[in-house]
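Observations on the three-dimensional arrangement
This is what each chain is made of:
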Amino acid sequence: YGAPGVEFMGLHEENNTVMQIHFIPDQCQLVTLLDDNSLHLWSLKQHSGASELREEHRFTLKGPPGSPPSATQITAVLPHSSREVLYLGTESGNIFVVELPSFRVVEDRTITSEAVLQRVPEDYCNRRSCELVEALREHPKSPDQILIGYSRGLIVLWDLQNNKATHHFLSSQQLENLYWQRDGSKFISCHYDGSYTQWPVCSDNRQPEPLENTVPYVNLASAEFDDPSAMVVLAEEELVVIDLKTAGWPAVHPPYLASLHCSAITCSHHVSNIPLKLWERIISAGSKQNIHYSNMPNVSSSFQVLVMELNDEDAEHVVDHAEADLLQDQEGYRWKGHEKLKTRDGSVRFEAGFQPFVLVQCQPPAVVTSLALHSEWKLVAFGTSHGFGLFDHQQKRLVFVKCTLHPSDQLALEGPLSRVKSLKKSLRQSFRRIRRSRVSSRKRRGGSGNASEVQEANAKFDQDTLQEMELAPVQRKIEARSAEDSFTGFVRTLYFADTFLRDSSRHCPSLWAGTNGGTVYAFSLRVPPAERRMDEPVKAEQAKEIQLMHRAPVVGILVLDGRSTPLPEPLEVAHDLSKSPDMQGSHQLLVVSEEQFKVFTLPKVSSKLKLKLTALEGCRVRKVTVANFGSCKTDDYSENDLAVLTNLGDIQIISLPFLKLQIRYPCIRKEDVSGIASCVFTKYGQGFYLISPSEFERFSLSTKWLVEPRCIVD
């Protein structure tokens with residue numbers, strides 16, 4: 001147990017909280033207690049070359065007819081070293097004995113609270129009852145003795161063979177827990193007021209008196225070790241290790257800057273194929289940082305873009321500043337939100353690690369909604385609800401900005417998007433679609449013509465439809481969104497590609513942007529060669545503009561090379577992490593909206609094929625990425641497909657470039673909106689999503705890269 005990489009997982013059928021976990025000594029078994037008062041016995045069994053944690057039995061302690069629930073409500077569990085029985089302390093103060101693995105109650109061995117109180121001084125009994133059993137501990141040297149602790153402070157050493165109490169320890173404070181010293185000569189009691197008390201265990205019948213009473217205490221089993229060097233404290237939101245060998249008991253510096261529970265995760269991004277030397281530099285820089293992120297000055301807020309570079313040492317320098325006016329002084333637009341933050345003058349000192357060297361502030365100061373970095377071209381693109389821009393971080397110069405606002409898009413100028421505004425927008429859009437649908441239906445009904453001709457045409461239409469029903473799936477009617485809907489200029493995605501944009505003979509760098517209104521903009525770029533990179537400016541010119549018919553939000557853009565393979569990431573080819581793209585054959589453009597997937601030929605941008613997701617499935621795309629799926633049987637075969645997460649929480653695998661649905665997996669509950677919104681895919685068919693504000697669940701869609709633990713315990 002406890003070796004690196006040894007991991008097992010068991011899932012209860014009941015959707016209840018696990019309250020306690022206890023190992024059965026030397027049995028590869030454990031017992032769990034749920035909040036519904038049920039006990040579950042788990043065993044490690046070997047299956048298909050790996051050990052699995054399987055539930056063997058379940059049990060609920062039942063009392064006599066008419067007894068209150070507290071009579072059998074389990075509060076403490078002690079697996080005995082004999083591996084034959086469990087001792088179960090309850091709210092009533094009684095202790096029940098159940099056999100393992102059958103969970104049969106041994107009624108004649110029950111330890112009642114009445115039997116425990118027989119030798120307790122009368123004045124103590126009159127002042128307080130036993131109440132619930134708070135702790136059960138087996139004597140480390142004598143398995144026939146157990147220590148029983150009650151919540152009101154009474155502690156009893158019980159002789160199992162003779163079924164009687166041998167010692168009573170009387171405390172005036174509410175008990176929290178008990179711990180034996182390893183030799184069994186004394187134990188420690190921990191109390192609700194923050195104190196702990198050491199008690200001797202004598203062989204005679206004298207009333208034990210406490211050796212020491214100290215405040216404060218930490219509720220841990222450090223007393224079980226003769227010469228402890230460190231103490232591990234499991235706090236509510238982090239794990240703390242205290243150095244007991246150093247004066248003052250300082251905390252051991254954790255391997256992370258701050259507990260993840262200190263702040264909710266709001267954004268995450270997965271990076272594949274990090275070179276080992278770069279990763280070692282990041283680790284080394286992190287080890288030199290000695291402040292928490294929560295203590296850092298606020299250097300960024302929503303409308304700002306920081307470009308950083310890795311520095312192995314501390315540095316002090318001036319952060320260059322640039323401003324991008326996305327409205328471009330257009331008339332009729334007036335920002336009603338907050339003002340931009342003021343930049344700090346002079347140099348700023350930064351610790352080793354990623355240090356900002358340039359700051360781009362968007363005007364109006366709205367939330368940055370999309371970001372793309374091309375490390376080879378030294379360019380960064382950014383988008384907001386007003387438009388998008390391109391910044392050359394090598395020359396520290398703004399290349400261009402593009403305003404995407406529609407004249408009716410006034411909500412985008414009122415400040416940060418709120419739930420109230422989103423609700424108003426949704427209601428307004430819904431009523432508009434209902435009105436458009438009614439108008440169009442009235443127009444269809446109001447057509448003139450001979451009645452018999454209409455009947456004949458309808459009959460022919462019905463016959464043709466019946467013939468095609470088995471060939472084409474039923475499609476839902478999707479109402480087109482109006483260009484006047486709010487936030488149509490919201491930039492959802494940005495994408496760099498070296499492809500054929502102007503003609504089929506020459507390829508060039510390009511930037512693509514997709515908006516909430518179903519518009520795709522394409523800009524051709526001219527990036528000077530390396531020897532003239534600092535002397536000549538990067539130039540950009542709009543080359544294409546595509547408007548999707550239903551104006552559904554664009555959530556993904558992708559260019560496929562001549563082999564129908566997605567273009568590699570920047571610098572991947574230079575570092576032998578990817579093959580060079582095929583620049584001989586014709587390229588294709590894939591545009592993914594919330595409602596459908598559509599492939600266009602390049603450079604003509606003519607529609608080639610499409611897959612309607614919302615019309616066929618009734619769901620919408622929330623996340624999409626290209627994943628490489630390798631064979632689990634041979635290293636010679638792999639294929640690229642689209643991994644798509646929908647608003648229903650299921651994941652669909654769609655082939656490239658033919659857009660055929662391969663398989664569908666249920667993954668996230670459709671009610672878990674935050675989990676769906678936080679999902680991140682990897683390049684090799686795995687993914688992560690938040691199951692709490694600071695905890696990730698990991699999953700795999702690939703048979704080659706499994707996240708299921710496969711460990712063996714002999």
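Residues numbered from 1 in each chain as written. Predicted model: local features only at pLDDT ≥ 70, side-chain atom pairs only at ≥ 80, totals over all residues. Heavy atoms only, no water.

An unreviewed UniProt entry lists the protein under the name Lethal(2) giant larvae protein 2, from Apaloderma vittatum. In its Sequence similarities (unreviewed entry) section, the UniProt entry covering the protein states "Belongs to the WD repeat L(2)GL family." (UniProt positions renumbered as here; feature names shortened; annotations may be inferred.)

1. Description of the sheet that holds strand S40 (residues 686–692)
Read across the sheet, three strands follow the order S39-S40-S41 without closing on themselves; strand pairing throughout is antiparallel. What marks the edges here is a single partner per strand, and that holds for strand S39 (680–681) and strand S41 (695–700). (Pairing = 2+ DSSP bridges. Helix = DSSP H or I, 4+ residues; strand = E, 2+ residues; numbered from the N terminus.)

2. Section: the pattern of salt bridges
Two side chains of opposite charge can pair, provided their charged atoms sit close to one another. Tallied over the entire structure, the rule returns 25 salt bridges. A salt bridge links Arg563 to Asp561, with the nearest nitrogen and oxygen atoms 3.9 Å apart. On the accessibility criterion, Arg563 (46% relative accessible area) is partly exposed. Several salt bridges share partner residues, and in doing so they unite Glu13, Glu14, Glu55 and Arg58 into one network. (Salt bridge = Lys/Arg side-chain N within 4 Å of Asp/Glu carboxyl O. Buried < 20%, exposed > 50% of the residue type's maximum accessible area, 1.4 Å probe, protein only.)

3. Describing the pairing of strand S11 (residues 164–170)
Within S11, five of the seven residues are buried, which leaves it mostly tucked inside the rest of the structure. The pairing of strand S10 (residues 154–159) with S11 spans six bridges and is classified as antiparallel. Looking at the pairing, Ile155 lines up with Phe169 of S11. What sits between the antiparallel neighbours S10 and S11 is a turn of four residues, in which Asn163 has the positive phi angle 55°.

4. Things to note about the packing of aromatic side chains
Within the structure shown, the criterion is met by 13 aromatic pairs. Geometrically, the ring pair formed by Phe169 and Phe187 is edge-to-face, given 4.8 Å between the ring centres and 90° between the ring planes. Here the residue Phe169 occupies a position in strand S11, and Phe187 occupies one in strand S13 (residues 186–191), the gap between them amounting to 18 residues. Taken as a pair, Phe169 and Phe187 share a single burial class, namely buried. Pairing Phe400 with Phe523 gives two aromatic rings, centres 4.4 Å apart and planes at 15°, and the pair type is stacked. Of this pair, Phe400 sits in strand S26 (residues 397–403) while Phe523 sits in strand S29 (residues 519–526), and the two are 123 residues apart along the sequence. Of the residues examined, Phe400 reaches a relative accessible area of 12% and is grouped as buried. Of the aromatic side chains, those joined through ring pairs into one cluster are Phe169, Trp180, Phe187 and Trp199. (Phe/Tyr/Trp six-rings, centres within 6.5 Å; stacked < 30°, edge-to-face > 60°.)

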